[in-house]
Amino acid sequence: MTRKVSFSAIIQRDARILILGSLPGEASLAAAQYYAHPRNHFWRLIGAVVGDDLAGLTYTERLAALTRHRVGLWDAVATAQRRGSLDSAIREPVANQLRSLVLAQADLRVVACNGQTAARIATRELAGSGVPVIALPSSSPAHAAMPWSEKERRWLELRKFL
């Protein structure tokens, strides 16, 4: 089984929202880009939150737009054993240094977790930090049980933190 490693945090000093995934999937690792799988809904969902069509932009333009809107990205897991891309296949996870990053962000209003795995780890790692941690429905195409309209409704709750 291959040990996977997360990307570096993409966050500016004035970020108000930090979105945490669990660990990049195979398509993202191959492209060296967050949420690179073409069926992942992340860019559509966060685009709806910030009011920009991020899905139609290049990766560099997407990251610049997130920076403008004071949104950061990272993963809850720094490294783990995993075959494939499913969170359920994560073994021996080592958490990223979430607490030190979060406490260094003076304007941070919320840590929003893209899925239950990220939420479980972030809640544990950030307990007592004073920064709210919220769980959002996963943007992954594997999380098809929830209709798009409900996913979008839940993600749009992030607007109050912008």
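One can find the structure itself at the top, above this paragraph.
Now for a look at the structure at hand.

Taking strand neighbours across the sheet as the criterion, the 4 strands line up as β3-β2-β6-β7 in an open arrangement whose pairing is parallel. Two strands bound the open sheet, and with one partner strand each, they are β3 (71-75) and β7 (133-136). Sheet twist, expressed as the average angle between the axes of neighbouring strands with direction ignored, equals 25°. Relative to β3, strand β2 (residues 17-21) runs parallel, the two sharing 5 bridges. Across the sheet, residue L20 finds its bridge partner in β3, namely W74. Its contacts with the sheet put helix α2 (residues 42-50) on β2, β3 and β6 (110-114), and the angle it makes with β3 is roughly 150°.

Moving on to the layout of surface pockets. Within this model, the largest pocket holds a volume of roughly 620 Å³. What lines the largest pocket is a set of 32 residues, and nearest its centre among them are N40, S85, D87, S138 and S140. When residues of the lining of the largest pocket are traced back to their parent elements, those giving at least two are α1 (26-31) and α5 (116-125). The element best represented in the lining of the largest pocket is α1, accounting for 3 residues.

Take the nonpolar core next. Nonpolar side chains in soluble globular proteins tend to end up buried together. Formed by 45 residues in total, the largest nonpolar core has its most connected members in I19, W43, I46, L73, V111 and L158. At 6 residues, α2 tops the list of elements feeding residues into this core. Beyond its immediate sequence surroundings of up to four residues, W43 is in contact with Y34, Y35, L54, A55, Y59, R62, L63, L66 and L73.

The subject of this paragraph is the sheet that holds strand β1 (residues 3-5). Spatially, β1-β4-β5 is the arrangement adopted by the 3 strands of the open sheet, whose pairing is antiparallel. Whereas interior strands pair on both sides, the edge strands pair on one side only; in this sheet they are β1 and β5 (91-95). Averaged over all pairs of adjacent strands, the angle between strand axes in this sheet comes to 15°, irrespective of strand direction. Pairing geometry for β1 and strand β4 (residues 77-81), over 3 bridges, is antiparallel.

This part takes up the pattern of salt bridges. Counted according to the given criterion, the structure contains 8 salt bridges. Measuring nitrogen to oxygen at the nearest pair gives 3.8 Å for the salt bridge that ties E92 to R3. With a gap of 89 residues between them, E92 in strand β5 and R3 in strand β1 connect regions that are remote in the sequence. For R3, a relative accessible area of 33% puts it in the partly exposed group. Here the salt bridges do not stand alone but share partners, grouping D14, R70 and D107 into one network.

Cut-offs applied
Residues numbered from 1 in each chain as written. Predicted model: local features only at pLDDT ≥ 70, side-chain atom pairs only at ≥ 80, totals over all residues. Heavy atoms only, no water. Pairing = 2+ DSSP bridges. Helix = DSSP H or I, 4+ residues; strand = E, 2+ residues; numbered from the N terminus. Axes fitted to C-alpha atoms, helices over the stretch in contact; angles between N-to-C directions. Contact = heavy atoms within 4.5 Å. 1 Å grid on protein atoms, 1.4 Å probe; cavity = no way out; pocket = protein on both sides within 12 Å on 5 of 7 lines; lining within 4 Å. Points joined across faces, edges and corners; volume = space filled by probe spheres on them. Core = buried A, V, L, I, M, F, W, Y, C linked by side-chain atoms within 4.5 Å. Buried < 20%, exposed > 50% of the residue type's maximum accessible area, 1.4 Å probe, protein only. Salt bridge = Lys/Arg side-chain N within 4 Å of Asp/Glu carboxyl O.

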